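Breakdown of the fold
Residues per chain are reported as follows:
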Amino acid sequence: MLSFITENIGTIAVLLVLVLVVGAVITKMVRDKKSGKCSCGCDCSNCSANCHSKMK
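None of the values given here were measured: they were computed from a predicted structure.

1. Quick notes on the overall build of the protein chain
Broken down by element type, the protein chain carries 3 helices and 0 strands. The order of helices and strands in the protein chain, counted from the N terminus, is α-α-α. On the protein chain, roughly 5100 Å² of surface is accessible, and the fraction owed to carbon and sulfur atoms is 67%.

2. Brief notes about a nonpolar patch on the surface
A surface patch of nonpolar side chains, amounting to about 580 Å² of accessible area, comprises Met 1, Leu 2, Phe 4, Ile 5 and Ile 9. No other element matches the 3 residues that helix H1 (residues 2–7) contributes to the nonpolar patch. Judged by relative accessible area, Ile 5 falls into the partly exposed class, the value being 33%.

3. Concerning the pattern of salt bridges
Between side chains of opposite charge, pairing is possible as soon as their charged atoms come close. A full pass over the atoms with the stated rule returns 1 salt bridge. Note that Lys 28 and Asp 32 form a salt bridge whose closest N and O atoms lie 2.9 Å from each other. Taken together, the residues span about one helical turn, with Lys 28 and Asp 32 both in helix H2 (residues 9–34) at a distance of 4 residues.

4. Details of the confidence of the model for the protein chain
This prediction gives the protein chain a mean pLDDT of 81; 66% of its residues lie at or above 70. Per-element mean pLDDT across the protein chain ranges from 54 in helix H3 (residues 51–55) up to 95 in H2.

5. Section: H2
With 26 residues, H2 extends 37 Å between its outermost C-alpha atoms, agreeing within 8% with the 38 Å of an ideal straight helix rising 1.5 Å per residue. Gly 36 lies just past H2 and shows a positive phi near 85°.

Rules behind the numbers
- Residues numbered from 1 in each chain as written.
- Predicted model: local features only at pLDDT ≥ 70, side-chain atom pairs only at ≥ 80, totals over all residues.
- Heavy atoms only, no water.
- Helix = DSSP H or I, 4+ residues; strand = E, 2+ residues; numbered from the N terminus.
- Areas by Shrake-Rupley, 256 points an atom, 1.4 Å probe, with all protein chains shown as cover.
- Patch = residues over 30% accessible without salt bridge, like charges linked within 9 Å, V, L, I, M, F, W, Y side chains within 5 Å.
- Salt bridge = Lys/Arg side-chain N within 4 Å of Asp/Glu carboxyl O.
- Buried < 20%, exposed > 50% of the residue type's maximum accessible area, 1.4 Å probe, protein only.
- pLDDT = per-residue confidence, 0-100.
- Expected span 1.5 Å × (residues − 1).

This is the structure in C-alpha cells:
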C-alpha cells in the first residue's frame, strides 16, 4: 500500500486539489442560492432569463 502511494503521489495530490476546488465551487453555489443571489450576475437590464421573477 505504501509503495502505491509513493508511486502515485503526484496524481493523488492533483486529485485532492481538484476535489477541494470542486467542493468550494459547489459550496459557494449553494450559499448563493440560499441567500437569493442570481447566478447570471444580476444585471437584470441585459438578462433574457428573467431569473429574479422566477426566484420569487
